[in-house]
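# Descriptive analysis of the structure
For reference, the chains in residue letters:
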Amino acid sequence: MSPAPEATEDTQESGVNRRALLGGAAALAAFAGIGPLRAQSHAAPRSYRLEAVEIAARTWCVYGAQEDLTRANGGAIANAAFIQTPDGVVVIDTGPSKRYGEALAQLVADRLPGKRILRVYNTHHHPDHVFGNQAFPREALAAPQAVIEAMTAQGEALAANMYRILGDWMRGTVPTPPGRALNASREEIGGRVFTLTELKGHTACDLVVRDEETGLVFAGDLAFLDRAPTTPNADLPAWRASLAALRRMERESLLPGHGPVDPAGASLEQTLDWLDWLEGTLRESVARGLTMNEAMATPIPARFAALGVARTEFERSVVHLRTRLEEEILAEAPSGG
Amino acid sequence: MLRIRPPALGAVLAFAALSAAPASAQEIPPDPLKSGMWELVAEENFPGEIVFDPRVKLSLPAAAEDQFHVPVTIDARALAAEIGPIEEMVVAADLNPIIHAVTFRPGEKAEPFLGLRIKVEQTTPVRVGVRGADGIWRVAAAVIDAAGGGCSAPAAAHGQKDWMSTLGEARALASRSDAGETRLSFRMRHPMDTGFAAGVPIFHLGELSLTLESGEELAGLEISAPISEDPTFNLLTRPSVGGAAVSVAARDSEGNRFAFSIPLPGEAVN
């Protein structure tokens, strides 16, 4: 064959990659809260006012707003946490932007003066959790290989959409995947021991960190409390299995990726309840022949009334999950006619 | 204050009279969304008299979760109840590189109602124009906020080597409500290439027709490339539709023909 068709294939391939990139940007919207763009004022540079709440012994959480990404909240919607070890500090997730990461690092320095940051875990690749990585020592950043790969593949597209949504809050932010892939189920960091479990379902790889000293489990976005779960990369059966694994995990308490610290495990029940309702509702909408817009208008049960952004997350989930359910529920049509 | 000298005024009046003469019925009403593309979109998609009419329902989300799959539902049942049968319903997106998305022609046995998904290249107004027997286009419009690129990236199918082998493959479902209303859902495999992705020529489903066992056409569609990959539609029939199946025949822009049928549920379900 002449080289011409190959050249075409190459072109196609790079095009396909571009689509994957755009698809990543689209997927971002799930937690992105792409509402109508707001006019930006020319006021002073924005700054995050982060507050550390002690949730266990020598363990602090910086709570995210139970909202979508907006220019009002600067994208600070996910929980970040830090733990004091005898010899330094461990950080879990770094927030949505370079500026947030810097504010978080400053908060750690203020709270624990002179303590070095020894390890930064990324629980999964979503930008509201990891786009503050830049502000931390490169050698401390660590995540499972699959999380690093997802950050590497989708980082640019996710960043483009974050800039589109958050504007100046994102200034200078460059996706910074960790250089260190975790390959142990247990790490001793600065004299404190952490067990690491790779689960999946919210994304293709969700890292769960358990602090052996306090029994506090950092569940990442496998668990949401009082905020509707996001599903852009969700695999519902895998997510349910991971929730069951978390329920079995020995623990004193649990920190969801979004929502307050949860000693009783209510976040696991609430997340499962939401996922079950979501899937059941979508299946029924396909079986009844409803359009996607009709499905989006389904009333949300009263028991979810207290969940933040339930309506917007539900509408997004319709787009994420309906097509897959249609493939399953619509029957192969007899050909000819 | 502007003073116009008599000769100039005369010229203005003469011009106004000329342009007002036969074409006055075609005057395009101002766009509530103030889109710079509106006049072109109107001329190409809704040729004739146009009014914006709240009886035409256009449902789409405020923001595109996925610029490759924007769900749209068009519904002119309330309008049809007042003005009679609807002849065609046209969906167009102002700022897509190909503005026209679909033309839907419901027959006597179909409700003027359609669920579909479109691709959007950027944040854009989306319109539906509905034409009844009086020839007037009654239009509804809304803006969808979107990240870029929905019409200029290759279909996901091109990431797979064997996509041609499943071209046109269909899945479908008919469900009947207590009220006797039948809803038809179907999805056909097709990449729906717009021609704007590097190295991928335009290639999309074009015409599609649904026929009842009696031979009567239930509905027809003219489909353009901005319809999402693996086009999926939801239709609503009138209660009087009977028979064992609806036949679907389609043709794409390369002349490939596809045919399948959607089995109908029995009359006495529930």
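Residues numbered from 1 in each chain as written. Chains lettered and ligands numbered in written order. Predicted model: local features only at pLDDT ≥ 70, side-chain atom pairs only at ≥ 80, totals over all residues.

### Here's the deal with the overall build of chain A
What chain A contains, in helices and strands, is eight helices and 13 strands. Every one of the 337 residues in chain A was classed for burial, and the buried ones make up 51%. Partitioning the contacts of chain A with sequence separation of at least 6, the portion at a separation of at least 24 is 71%. (Helix = DSSP H or I, 4+ residues; strand = E, 2+ residues; numbered from the N terminus. Buried ≥ 20, exposed ≤ 12 C-beta atoms within 10 Å, placed from the backbone. Contact = placed C-beta atoms within 7 Å.)

### Overview of the interface of chain A and chain B
Between chain A and chain B, the contact holds 40 residues from the first and 44 residues from the second. Element by element, the count of residues in the side of chain A that touches chain B is highest for helix H1 (residues 3-32) of chain A, at 12 residues. Here the residues of the side of chain A that touches chain B sort into 17 nonpolar, 13 polar and 10 charged. Relative to strand E9 (residues 170-176) of chain B, strand E13 (residues 331-332) of chain A runs antiparallel, the two being bridged by two bridges. (Nonpolar A, V, L, I, M, F, W, Y, C, P; charged D, E, K, R; others polar. Pairing = 2+ DSSP bridges.)

### Some remarks on the environment of Met-37 of chain B
Residues and elements named next belong to chain B. On the secondary structure map, Met-37 appears in the loop between helix H1 (6-20) and helix H2 (38-45). When the C-alpha positions of Met-37 and Ile-99 are compared, they lie 9.9 Å apart, and in sequence the two are 62 residues distant. Discounting chain neighbours no more than four positions away, the residues touching Met-37 are Asp-94 and Leu-95.

### Here's the deal with H2 of chain B
Residues and elements named next belong to chain B. If you check which residues of H2 are buried, you get Trp-38, Val-41, Ala-42 and Asn-45. All buried residues of H2 fall inside an arc of 100° around its axis, so they share one side. Each element contacted by the buried residues of H2 is listed here: strand E1 (50-52), strand E4 (86-93), strand E5 (100-106) and strand E7 (124-132). (Arc of directions from axis to C-beta.)

### Description of the sheet that holds strand E7 (residues 180-182) of chain A
Residues and elements named next belong to chain A. Read across the open sheet, the seven strands follow the order E1-E2-E3-E4-E5-E6-E7; overall the sheet is mixed. The sheet is open, and its two borders are formed by strand E1 (53-56) and E7, each paired with just one other strand. Neighbour-to-neighbour, the strand axes of this sheet turn through a mean angle of 30°, independent of strand direction. The pairing of strand E5 (residues 117-121) with strand E6 (residues 141-144) spans two bridges and is classified as parallel. (Axes fitted to C-alpha atoms, helices over the stretch in contact; angles between N-to-C directions.)

### Brief notes about the nonpolar core
Grouped together as the largest cluster of nonpolar side chains are 83 residues, with contacts concentrated most on Ala-81, Val-91, Val-208, Phe-218 and Ala-219 of chain A. Tallying contributions element by element places helix H4 (residues 145-166) of chain A first for this core, with 10 residues. In terms of nonpolar packing, the next biggest core, distinct from the first, is built from 71 residues, Ala-42, Ile-86, Val-102 and Phe-113 of chain B among them. (Core = buried A, V, L, I, M, F, W, Y, C linked by C-beta atoms within 7 Å.)

### With respect to the sheet that holds strand E10 (residues 182-188) of chain B
Taken together, the seven strands give an open sheet; going across it, the order is E13(A)-E9(B)-E10(B)-E13(B)-E6(B)-E3(B)-E2(B), and neighbouring strands pair in antiparallel fashion. With one partner strand each, in any of the chains shown, E13 of chain A together with strand E2 (57-59) of chain B form the two edges of the open sheet. Alignment of E2 of chain B against strand E3 (residues 70-75) of chain B, held across three bridges, turns out to be antiparallel. The residue bridging Leu-58 of chain B from the neighbouring strand is Ile-74 of chain B, located in E3 of chain B.

### Focus on the confidence of the model for chain B
The share of residues in chain B with pLDDT of 70 or more is 89%, and the mean pLDDT across the chain is 90. Confidence estimates for the predicted assembly give a pTM of 0.88 and an ipTM of 0.89. (pLDDT = per-residue confidence, 0-100.)

### Thoughts on the pairing of E3 of chain B
All names here are of chain B. Burial analysis of E3 places six of its six residues in the buried class, the great majority of the element. Side chains Val-70, Val-72 and Ile-74 of E3 all project onto a buried face; the interleaved residues Pro-71, Thr-73 and Asp-75 project onto the opposite face, where all are buried too. Pairing of E3 with strand E6 (residues 110-118), which is carried by six bridges, proceeds in the antiparallel orientation. By the bridge assignment, Val-72 is partnered in E6 with Leu-116.

### Here we look at the pairing of strand E12 (residues 253-258) of chain A
Residues and elements named next belong to chain A. Summarising burial for E12: five of the six residues are buried, a large majority. In terms of strand pairing, strand E11 (residues 216-224) meets E12 through five bridges, oriented parallel. Paired with Phe-224 across the bridge in E12 is His-258.

### Quick word on the packing of helix H5 (residues 236-248) of chain A against helix H6 (residues 266-287) of chain A
All names here are of chain A. Two numbers describe how H5 lies on H6: the axes approach to 10 Å, and their chain directions differ by 160°. Relative to H6, H5 is oriented roughly antiparallel. Crossing geometry of H5 relative to H6 is assigned as left-handed. Across the interface between the two elements, Leu-236, Trp-239, Arg-240, Leu-243, Leu-246 and Arg-247 from H5 touch Leu-268, Thr-271, Leu-272, Leu-275 and Glu-279 from H6. Split by residue class, the contact of H5 with H6 holds seven nonpolar, one polar and three charged. (Parallel < 35°, antiparallel > 145°, perpendicular 65-115°, else oblique. Left-handed = near helix turned anticlockwise from the far one by under 90°.)

### Regarding the confidence of the model for chain A
All names here are of chain A. Mean pLDDT for chain A: 90, with 86% of residues reaching 70 or above. A low-confidence stretch, residues 1-16 (pLDDT under 50), is modelled with 16 contacts involving residues beyond four sequence positions or located in other chains. Contacts from residues 25-40, a stretch scored under 50 in pLDDT, to residues over four places away or in other chains number 52 contacts.

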